[in-house]
Amino acid sequence: MDNNTQSSSARKEISDPGSTARGEAPADNSSLKPDQPSAEKRSLLAEKFLASVDRKSKIAQRQEPAEDYHEGKELYFFYGSLMHPRMLRHVLELSELPEVKPAEIVGYRTKVWGPYPALVAGKTEEIVKGVAYEVENGGHKDRLQRYETDCYRTAKCLIRVDGAEEVLGKTFIWNGDEEDLDDGAFDNEAWMARMDRIIKR
């Protein structure tokens, strides 16, 4: 057999699909494919990725910049210790007791952070009662923020004053993870009893 005949036979043998049926082992190309993770490993990687995204999202929410304060007057809704005119006068360093009006906001609820109340998103029908007060200027807004600390931030909300129509204003909402809060209600009387020892006027 000449060389041309041998080459032709070799090509036929390699390309013949029946070679597998005749018991001949097919060429092993597995070494050319990248390793593929198992289904269990892929599931674990997905869980780790989602957990990482969730943590980053929570951190980003806590690091959102505070809303710009304006020098003009703005209506604020208070639901904790600042509901009390004496406390509000103390924080804002006012010469007279401020005039506050009964008010409420809808779609929120309160939880507690230690003895302090914290406002968080609630169901559409949930109501939080408190008071409304018109803050005079940027300096007073700065004092309020210092009093509330970075654990709270301002947010726009609709405030219903004395049962009238809702008007746009601001309030302080919780600026951390809701998991850090407990269920419970703010004890106004106990709080003011403690404050009476501090606030003398």
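Residues numbered from 1 in each chain as written. Predicted model: local features only at pLDDT ≥ 70, side-chain atom pairs only at ≥ 80, totals over all residues. Heavy atoms only, no water.

**Considering helix H4 (residues 85–92)**
Stated formally: For every residue, the accessible area obtained with a 1.4 Å probe (protein chains only) is divided by the maximum for its type, and the residue is called buried under 20%, exposed over 50%, and partly exposed between those limits. Strands here mean DSSP runs of E at least two residues long; helices mean DSSP runs of H or I at least four residues long; both are numbered from the N terminus. Contacts are residue-level and defined by heavy atoms, with any inter-residue pair within 4.5 Å sufficient.
Looking only at H4, the buried set comprises Met87, Leu88, Arg89, Val91 and Leu92. The secondary structure elements touched by the buried residues of H4 are strand E1 (74–78), strand E5 (127–135), helix H5 (138–148) and helix H6 (188–195). One or two residues past the end of H4 sits Glu93, with phi positive at roughly 60 degrees.

**Comments concerning the packing of aromatic side chains**
Our working rule: Between 30 and 60 degrees the pair is tilted, below 30 it is stacked and above 60 it is edge-to-face, where a pair is any two Phe, Tyr or Trp rings, Trp via its six-membered ring, whose centres lie within 6.5 Å.
Under the criterion given, the structure shown has six aromatic pairs. On the basis of an interplanar angle of 45 degrees and a centroid distance of 6.0 Å, the ring pair of Tyr76 and Phe172 is categorised as tilted. Taken together, the residues Tyr76 in strand E1 and Phe172 in strand E7 (residues 166–174) connect sequence positions 96 residues apart. Residues Tyr76 and Phe172 agree in their burial class; the two are buried. Measuring from centroid to centroid gives 5.5 Å for Tyr152 and Trp174, while their planes differ by 80 degrees, and the two rings are edge-to-face.

**Here's the deal with unusual backbone geometry**
The backbone of Glu93 sits at a positive phi, close to 60 degrees, despite the residue not being glycine. With respect to the element layout, Glu93 can be found in the loop between H4 and strand E2 (101–106). Take Glu93: its relative accessible area is 57%, and that puts it in the exposed class. With phi around 55 degrees, Asp162 is a residue other than glycine that occupies positive phi space. Assignment of secondary structure puts Asp162 in the loop between strand E6 (152–161) and E7. By relative accessible area, which is 55% here, Asp162 ends up exposed.

**Focus on the pattern of salt bridges**
For clarity, the cut-off: We define a salt bridge as a side-chain nitrogen of Lys or Arg found within 4 Å of a carboxyl oxygen belonging to Asp or Glu.
This structure, assessed with the given rule, holds 10 salt bridges. Between Asp183 and Lys111 there is a salt bridge whose closest N-O contact spans 3.6 Å. Taken together, the positions of Asp183 in the loop between E7 and H6 and Lys111 in strand E3 (residues 108–113) put the pair 72 residues apart, joining distant regions of the chain. Look at Asp183 and you get exposed, because its relative accessible area is 66%. Each of the salt bridges in this network shares a partner with another, and the network as a whole consists of Glu104, Lys129, Arg160 and Glu166.

It is worth stressing that arrangement in space is one thing and function is another; only the former is reported here.
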